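Notes for the structure review
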Amino acid sequence: MGVELKMARKPLIACGLAVLLAMGIAAPGVRAQTAEPPPGPLAQPNTNPRDFSGMWQIRGYAIRYPVVGGGEAPYLPWAKAEAKRRADAQAAGTPIADSTAKCMPSGSPRIWGAPYPIKIMQNDREVVVLHEVQHLMSFFFLNEEHPKELDRTFHGHSVAHWEGNTLVVDTVALKDGKETLINEAGDPHTDKLHVTMRWTKSPDGKSIENLLTIDDPGAYSKPWSIRFEYFWRPEIRFMEYICEENNRNETVDGVVVAK
């Protein structure tokens, strides 16, 4: 149909994008709003390699994140069957619901591929990432160890340290695969999921690479990686995102029914 999702969009959770794709509506056009920019001249790129502060947005969008090195993820047999089950349902126009259909967070690593802007703030103790999608927050605690006992959460617990000018983020204690998925396409994971990210800023200050590695021996035969790139967006501001008010993903017997 070639319909593009405009910047003045209603809030749309990630599962809703799968519905649109299943209906033949183009999703790669999803992007941030064209609201009035902040007052005054736009900021120039910050070339400090250890300062990620500012507004950013992912470059490109795919419901199944490309694997670094090509090919498909190294699924274990059950995980491959589950991924195919969801892909087949989506192709048939009856996507299988996940927690996002009820306005629950998409979790990590899925959140890092969302086609919505992020804002990064940091100091010498932590890096905070604000997500426009569902107004979620991610915290990277610098130079700390993971506590010995942690409750499982959608984004897990993240600690970080610098290796040269690359910020290495280690995330554990993520929700199990009953509540979240690896990506929009429906690749599964288990409670053994461990996510590592390596954030590196470009010399000109206009982009950040996030090399994300998934290690889940319960679903995959070996660790595998995804490369995301976020580009600098000083001209935009967040829009209000109220999933519960504009949720388009009503479910009937576990199947998403687009409103």
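Analysis parameters
- Residues numbered from 1 in each chain as written.
- Predicted model: local features only at pLDDT ≥ 70, side-chain atom pairs only at ≥ 80, totals over all residues.
- Heavy atoms only, no water.
- Pairing = 2+ DSSP bridges.
- Helix = DSSP H or I, 4+ residues; strand = E, 2+ residues; numbered from the N terminus.
- Axes fitted to C-alpha atoms, helices over the stretch in contact; angles between N-to-C directions.
- Phe/Tyr/Trp six-rings, centres within 6.5 Å; stacked < 30°, edge-to-face > 60°.
- Buried < 20%, exposed > 50% of the residue type's maximum accessible area, 1.4 Å probe, protein only.
- Disulfide = S-S within 2.5 Å.
- Expected span 1.5 Å × (residues − 1).
- Arc of directions from axis to C-beta.
- pLDDT = per-residue confidence, 0-100.
- Contact = heavy atoms within 4.5 Å.
- Salt bridge = Lys/Arg side-chain N within 4 Å of Asp/Glu carboxyl O.

Where strand β1 (residues 54–58) and strand β2 (residues 118–122) come together, three bridges link them in antiparallel fashion. Along β2, the bridge assignment pairs W56 with I118. Bridge analysis of β2 against strand β3 (residues 126–131) gives five bridges, and the strand direction is antiparallel. Each residue of the ladder has a partner; that of K119, found in β3, is L130. A loop of three residues connects β2 with β3, the two strands running antiparallel in sequence.

Take the sheet that holds strand β4 (residues 137–142) next. Pairing is mixed around the closed barrel formed by nine strands, whose spatial order is β1-β2-β3-β4-β5-β6-β7-β8-β9. Averaged over all pairs of adjacent strands, the angle between their axes in this sheet comes to 30°, without regard to strand direction. Of the pairings in the sheet, the one linking strand β5 (residues 157–163) to strand β6 (residues 166–172) comprises seven bridges and is antiparallel in character. Residue H161 lies in a different strand from β6, and its bridge partner there is V168.

Two numbers describe a pair of aromatic rings. These are the distance of the centres and the angle of the planes. In total, this model carries 11 aromatic pairs according to the counting rule given. Here the aromatic rings of Y220 and W224 are separated by 5.3 Å at their centres, their planes lie at 55°, and the arrangement is tilted. Comparing Y220 with W224, the two get one shared label, buried. By the ring-pair criterion, three or more aromatic residues cluster together here, those being F52, W112, F140, W162, W199 and Y230.

The tally for this structure, following the rule as stated, stands at one disulfide. Sulfur-sulfur distance for the disulfide between C103 and C243 comes to 2.0 Å. Its S-S torsion of about -80° marks the bond between C103 and C243 as left-handed, since a negative value means left-handed. Residue C103 is found in the loop between α2 (77–91) and β2, and its partner C243 is found in helix α3 (residues 243–246); the two are separated by 140 residues along the sequence.

Let us now look at α2. Three- or four-residue spacings in an α-helix give side chains the same orientation, since the helix completes a turn every 3.6 residues. Taking 1.5 Å as the rise per residue, α2 with 15 residues should run 21 Å; its terminal C-alpha atoms sit 21 Å apart, in good agreement. Every buried residue of α2 is accounted for by A79, E82, A83, R86, A89 and Q90. In an axial view of α2, the angular spread of the buried residues amounts to 130°, which keeps them on one side of the axis. Exposed residues pointing more than 90 degrees away from the buried face of α2 are listed as P77, K84 and A91. Looking one or two residues past α2, G93 carries a phi angle of roughly 85°, positive in sign.

As a further point, take the confidence of the model for the protein chain. When pLDDT is averaged across the protein chain, the result is 84; 78% of the residues are at 70 or more. Segment residues 1–32 is flagged for pLDDT under 50; beyond a separation of four residues in sequence, or across chains, it makes 85 contacts in the model.

Scanning the model with the defined rule gives 12 salt bridges in all. In this structure, R227 and E209 form a salt bridge, with 2.9 Å as the shortest nitrogen-oxygen distance. Highlighted residues: R227 in strand β9 (residues 224–232) and E209 in strand β8 (residues 207–215), separated in sequence by 18 residues. Exposure remark for R227: the relative accessible area of 46% places this residue in the partly exposed category. Put simply, E82, R85 and R86 are held in one network by salt bridges that share partners.

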